[in-house]
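# Architecture and fold: a report
Next come the chains, spelled out residue by residue.
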Amino acid sequence: MANPKVVTKNESEEPTRRLAVLIDADNAQAAIIEGLLEEIASFGEATVKRIYGDFTSPRSSQWKNFLKKYAIKPVQQFAYATGKNATDSALIIDAMDLLYTRRFDGFCLVSSDSDFTGLALRIREEGLLVLGFGEKKTPDAFRNACHKFTLTEVLRPVAQQKSEHITANSEQTTSATQESALEDSPENFILNALEKTCNDSGWANLANLGNYLNKLKPDFDARLYGFKSLGAMAKAHPDLFEIQLEQSNPNSPAKVLYIRKK
C-alpha cells in the first residue's frame, strides 16, 4: 500500500512533500500571496491552505479578493476582547489538530508574530519540516525556530518592490535606492561556512553549502542581497570565490556546481 503521506504525480518523479499552509491574516499582506505559493511549491504541495483572521475588519479585508482565486480556506475569527489575539489561538489549535493526523510532511507558518515560536518548535520535535514566512520585523526567536525562514519582502511583485524602494529613498538615485534596500554583504558568513563544508582540497558542493548556511541562519536568502541564487552571488564575487562545474556521475549528463575560497 502506498504511503498516505506521499503524493506522486507519476512513477518517475520523486515523492512530493505534503504541506499545510497556515496564514495569519493579521500579520501578512495579501500582495505576497502569488510569490508565497510559488515559493512553497518549490518545497512541496500545499495540501491544506488556510488563513485566519477577522475578515469583517478593514485590516483583513485585503485578503477577500485572493481567497477564491488561490483556493484558500478562510477561518473567520472574531475578536472576543480588546487586546486579545483570538486569531493566533485559532491557528495554533488547528495546527496541532493537523499535526496529530500524521498526514503532513511539513508546515508553512506565514506570520511576523513571535507568538508562533513555540508552535514551530513543537512541530520540529515531531520531525516535520517547518517553513516560516514573515516580514523583516519578525523576531529572531521565530526565525530561528524554523528550518527555513523567508522574508516576504522578496516575495512581493517586482513593480511593488521598486515602488517601495523609491518612495523610501526619494532623494537618492535609482541605483542608490536599490543598493540601500539590500542587506549588508554576507561574504564573511559564507566564507566561514565554506571552511566547514569543504573537502581537503577546499572544494564544497554548492548545494551542501546552501543547506549548511540555512541551518546556521534560517533566514539567509541570496535574494536579500540582490541575487537570484547562491550560485549567482558567488559568481558575482570572482575575487573571493572560485566556481567549477563537474559531472555528478559518469553515466549522467547532470552537473554539480562546486565552490572554494580563492
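Counting restarts for each chain, with residues numbered from 1 along the sequence as it is written. Local features in a predicted model are, by the rule used here, given only for residues with pLDDT of at least 70; side-chain atom pairs are given and counted only at 80 or more, and totals for whole chains, interfaces and linings are based on all residues. Only hydrogens and water are set aside; all other atoms, that is, all heavy atoms of the structure, feed into the side-chain values.

## With respect to the environment of Phe107
Test applied: Runs of H or I in DSSP of at least four residues are treated as helices and runs of E of at least two as strands, each being numbered from the N terminus. Here, two residues are considered to be in contact whenever any of their heavy atoms come within 4.5 Å of each other.
You can see Phe107 is positioned in strand β4 (residues 106-110). Residues within four places of Phe107 in sequence aside, it is in contact with Ala20, Leu22, Ala95, Leu98, Leu99, Ile123, Leu128, Leu129, Val130 and Leu131.

## Quick word on the side chain of Asn214
Definition in use: Only protein chains enter the accessibility calculation, which uses a 1.4 Å probe. A residue is then buried if its area is under 20% of the maximum for its type, exposed if over 50%, and partly exposed in between.
Its location among the elements puts Asn214 in helix α10 (residues 206-216). For Asn214, a relative accessible area of 19% puts it in the buried group.

## Thoughts on the packing of aromatic side chains
The relative placement of two aromatic rings is captured by the distance of their centres and the angle of their planes. As a reminder, the rule being used: Pairs were defined over the aromatic rings of Phe, Tyr and Trp, the Trp ring being its six-membered one, requiring ring centres within 6.5 Å. Orientation was assigned from the angle between planes: stacked under 30 degrees, edge-to-face over 60, tilted for the rest.
According to the stated counting rule, one finds five aromatic pairs in the structure shown. Here Phe142 and Phe149 contribute two aromatic rings whose centre-to-centre distance is 5.8 Å and whose plane-to-plane angle is 80 degrees, an arrangement assigned as edge-to-face. Of the residues examined, Phe142 reaches a relative accessible area of 0% and is grouped as buried. Among the aromatic residues, those joined into a cluster by ring pairs are Phe189, Phe220 and Tyr225.

## What about the confidence of the model for the chain?
Worth spelling out the cut-off: For every residue, the predictor reports its confidence as pLDDT, a number between 0 and 100.
Taken over all residues, the pLDDT of the chain has a mean of 83, while the share at 70 or more is 81%. A low-confidence stretch, residues 6-12 stays under pLDDT 50, and its non-local contacts, those more than four residues away or across chains, total eight contacts. Predicted confidence is poor over residues 159-182, with pLDDT under 50, and the contacts of this stretch with residues over four places away or in other chains come to 18 contacts.

## Some thoughts on the pattern of salt bridges
Think of it this way: side chains of opposite charge can pair up when their charged atoms draw near. Quick note on the threshold: Throughout this description, the term salt bridge denotes a Lys or Arg side-chain nitrogen within 4 Å of a carboxyl oxygen of Asp or Glu.
Tallying each qualifying case throughout the model produces 11 salt bridges. Across the salt bridge formed by Arg122 and Glu126, the nearest N and O atoms sit 2.8 Å from each other. Via salt bridges that share partners, Arg102, Arg122, Glu125 and Glu126 belong to a single interconnected network.

## Section: the nonpolar core
Note the cut-off: Residues enter a nonpolar core if they are buried and are Ala, Val, Leu, Ile, Met, Phe, Trp, Tyr or Cys, with the set joined through side-chain atoms within 4.5 Å.
With 67 residues, the main nonpolar core has Ile23, Trp63, Phe107 and Leu209 as its most contacted residues. Here this core takes six residues from helix α4 (residues 86-100), the largest share from any one element.

## Quick look at the sheet that holds strand β3 (residues 73-76)
Note the threshold: Pairs of strands are assigned from DSSP output, requiring at least two bridges between the strands. The axes are straight lines fitted to the C-alpha atoms, using for helices just the contacting stretch, and the angles between their N-to-C directions are given from 0 to 180°.
Taken together, the six strands give an open sheet; going across it, the order is β3-β2-β1-β4-β5-β6, and neighbouring strands pair in parallel fashion. A single partner strand is all that each edge strand has here, and the edge strands are β3 and β6 (148-151). Neighbouring strand axes in the sheet, compared pairwise and without regard to direction, differ in orientation by 20 degrees on average. Bridging between strand β2 (residues 45-53) and β3 involves four bridges; their strand directions are parallel.

## Observations regarding the side chain of Asp221
To be explicit about the condition: Two N or O atoms form a polar contact when they lie within 3.5 Å of each other; inside protein one atom must be a possible hydrogen donor and the other a possible acceptor, and for residues adjacent in sequence the pair counts only when both atoms belong to side chains.
Among the secondary structure elements, Asp221 is positioned in the loop between α10 and α11 (230-235). Note on Asp221: relative accessible area 7%, which makes it buried. Side-chain polar atoms of Asp221 contact the side chain of Arg223, separated by 2.7 Å.

## What to know about α4
Defined as follows: A helix is expected to span 1.5 Å for every residue after the first.
An ideal rise of 1.5 Å per residue puts 21 Å on 15 residues; α4 measures up with 22 Å between its terminal C-alpha atoms. Burial in α4 covers these residues: Ala86, Thr87, Asp88, Ala90, Leu91, Asp94, Ala95, Met96, Leu98 and Leu99. In this fold, the buried residues of α4 make contact with β1 (18-24), β2, β3, β4 and α5 (117-125). Immediately downstream of α4, the backbone of Arg102 shows phi near 60 degrees, a positive value.

## Here we look at the environment of Phe66
Within the element layout of this structure, Phe66 appears in helix α3 (residues 64-67). Along the primary structure Phe66 and Ala30 are separated by 36 residues, whereas in three dimensions their C-alpha atoms are 7.4 Å apart. What Phe66 contacts, discounting residues up to four positions off in sequence, is Ala30 and Ile33.

## Topic: unusual backbone geometry
Outside of glycine, negative phi angles account for most residues, and trans bonds account for most peptide bonds. Non-glycine residue Ala71 carries a positive phi angle of around 50 degrees. On the basis of relative accessible area, Ala71 is assigned to the exposed category, the value being 53%. The phi torsion at Arg102 lies on the positive side, around 60 degrees, for a residue other than glycine. Looking at the secondary structure, you find Arg102 in the loop between α4 and β4.

## What to know about the packing of helix α9 (residues 187-197) against α10
Defined as follows: Working rule for handedness: look at the near helix, and if it is turned counterclockwise from the far one by less than a right angle, call the crossing left-handed; if clockwise, right-handed. Note on residue classes: Ala, Val, Leu, Ile, Met, Phe, Trp, Tyr, Cys and Pro are nonpolar, Asp, Glu, Lys and Arg are charged, and everything else, Gly too, is polar.
Orientation of α9 relative to α10, taken along the N-to-C sense of each, is 115 degrees, at an axis distance of 10 Å. Note that α9 runs across α10; the crossing there is right-handed. Within the contact between the two elements, α9 uses Phe189, Ile190, Ala193, Leu194, Lys196 and Thr197 and α10 uses Leu209, Tyr212, Leu213 and Leu216. Class assignment for the residues of the contact of α9 with α10 results in eight nonpolar, one polar and one charged.

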